[in-house]
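Residue strings, one per chain:
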Amino acid sequence: MAVLCLAVDDRFIITGSEDNTIVVFDRRAEKIYKTLQLDNYPMCMSYGLGQLWVGDKLGQVTLLDVTTYGDFEIVDTYDVGHMGKLTGIKHSLGSVITSSMDKTIKILEPNVEPDAIATLTSHTMDIAGISFQNDVLASAGSDVSIGIWRPKNATYSL
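The notes below deal with the structure included here. (Residues numbered from 1 in each chain as written. Predicted model: local features only at pLDDT ≥ 70, side-chain atom pairs only at ≥ 80, totals over all residues. Heavy atoms only, no water.)

## Observations regarding the sheet that holds strand E5 (residues 42-48)
Two orientations exist for strands paired in a sheet by backbone hydrogen bonds: parallel and antiparallel.
Okay, step 1: Spatially, the four strands line up as an open sheet ordered E5-E6-E7-E8, and their pairing is antiparallel. Edge positions in the sheet fall to E5 and strand E8 (73-79), since each of these pairs with one other strand and no more. The mean inter-strand angle of the sheet, taken between neighbouring strand axes irrespective of direction, is 20°.
Okay, step 2: Where strand E7 (residues 60-65) and E8 come together, six bridges link them in antiparallel fashion. Within E8, the position partnered with Leu63 by the bridge is Asp76. (Pairing = 2+ DSSP bridges. Helix = DSSP H or I, 4+ residues; strand = E, 2+ residues; numbered from the N terminus. Axes fitted to C-alpha atoms, helices over the stretch in contact; angles between N-to-C directions.)

## Topic: the environment of Val112
Okay, step 1: By the secondary structure assignment, Val112 is in the loop between strand E11 (105-108) and strand E12 (116-120).
Okay, step 2: As for Val112 and Leu63, which are separated by 49 residues in sequence, their C-alpha atoms are 8.6 Å apart.

## Observations regarding a nonpolar patch on the surface
Okay, step 1: A surface patch of nonpolar side chains, about 270 Å² in accessible area, is lined by Val3, Leu6 and Val8.
Okay, step 2: Along the chain, Val8 falls in strand E1 (residues 3-8). (Patch = residues over 30% accessible without salt bridge, like charges linked within 9 Å, V, L, I, M, F, W, Y side chains within 5 Å. Areas by Shrake-Rupley, 256 points an atom, 1.4 Å probe, with all protein chains shown as cover. Salt bridge = Lys/Arg side-chain N within 4 Å of Asp/Glu carboxyl O.)

## Thoughts on the nonpolar core
Okay, step 1: Counting residues in hydrophobic clusters, the biggest one holds 14 residues, and the most contacted among them are Ile14, Ile22, Val24, Met45, Leu52, Val54 and Phe72.
Okay, step 2: Counting residues per element, the ones that place at least two in this core are E1, strand E2 (12-17), strand E3 (21-26) and strand E6 (51-56).
Okay, step 3: The contact partners of Met45, leaving out residues within four places of it in the chain, are Cys5, Leu6, Ala7, Ile14, Thr15, Gly16, Ile22, Leu52, Trp53, Val54 and Ile89.
Okay, step 4: Listed in part, the ten residues of the second largest apolar core include Leu63, Val80, Leu86 and Ile89. (Core = buried A, V, L, I, M, F, W, Y, C linked by side-chain atoms within 4.5 Å. Buried < 20%, exposed > 50% of the residue type's maximum accessible area, 1.4 Å probe, protein only. Contact = heavy atoms within 4.5 Å.)

## Considering the packing of aromatic side chains
Okay, step 1: Summed over the entire model, instances satisfying the criterion amount to four aromatic pairs.
Okay, step 2: Seen from their ring centres, Phe12 and Phe72 are 5.1 Å apart, and the 90° between their planes marks the pair as edge-to-face. Here Phe72 lies in the loop between E7 and E8 and Phe12 lies in strand E2, a separation of 60 residues in the sequence. Residue Phe12 shares its accessibility class with Phe72, and that shared class is buried. (Phe/Tyr/Trp six-rings, centres within 6.5 Å; stacked < 30°, edge-to-face > 60°.)

## Here we look at the sheet that holds E11
Okay, step 1: Pairing is antiparallel across the open sheet formed by four strands, whose spatial order is E9-E10-E11-E12. Edge strands, defined here as strands with exactly one partner in the open sheet, are strand E9 (86-91) and E12. Taking each pair of neighbouring strands and ignoring which way they run, the sheet shows an average axis angle of 15°.
Okay, step 2: As defined by bridge partners, strand E10 (residues 96-100) adjoins E11 across four bridges and the pair is classed as antiparallel. Bridge pairing links Ile97 to Ile107 in E11.

## Description of the state of the cysteines
Okay, step 1: By the definition in use, this model includes zero disulfides.
Okay, step 2: With no disulfide of its own, Cys5 lies 6.6 Å from the sulfur of Cys44, the closest cysteine sulfur.
Okay, step 3: By relative accessible area, Cys5 is classed as buried at 7%.
Okay, step 4: When its relative accessible area of 7% is taken as the criterion, Cys44 is described as buried. (Disulfide = S-S within 2.5 Å.)

In structure tokens form, the structure reads like this:
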């Protein structure tokens with residue numbers, strides 16, 4: 001099956017595939033550490049801060065808890081209001097940001113019930129992907145455009 005998304009750190013290589021699986025490869029042991037079966041195939045992922053957030057083809061988000069021991073336990077799957085498959089997901093301590101084929105970007109609260117803080121709708125076609133770095137959110141659209149967002153208050157961080 002085709003690998004659709006991946007994340008890497010110094011310990012793990014994590015892949016998401018069309019067969020609805022997340023495979024966690026332990027780089028140090030040089031073998032598969034864990035295989036997880038999801039309900040839908042993963043399209044994007046964000047890994048770090050003890051969490052793995054996975055966006056799927058139905059526009060849903062799955063949260064996995066990653067402790068220092070690397071348990072990779074599924075916490076839950078959430079409908080965050082997207083109407084198309086997810087094309088990007090980024091998370092931090094202050095937010096979870098998702099983009100979708102439904103032309104929207106959602107800024108979500110990073111908790112057990114990730115409610116939308118804001119929905120951005122500046123693209124007229126599918127959003128191909130997002131990047132978030134140094135308090136700047138950028139999006140690439142199929143409408144041959146990019147979107148750039150910065151917080152209004154310099155002390156506020158997405």
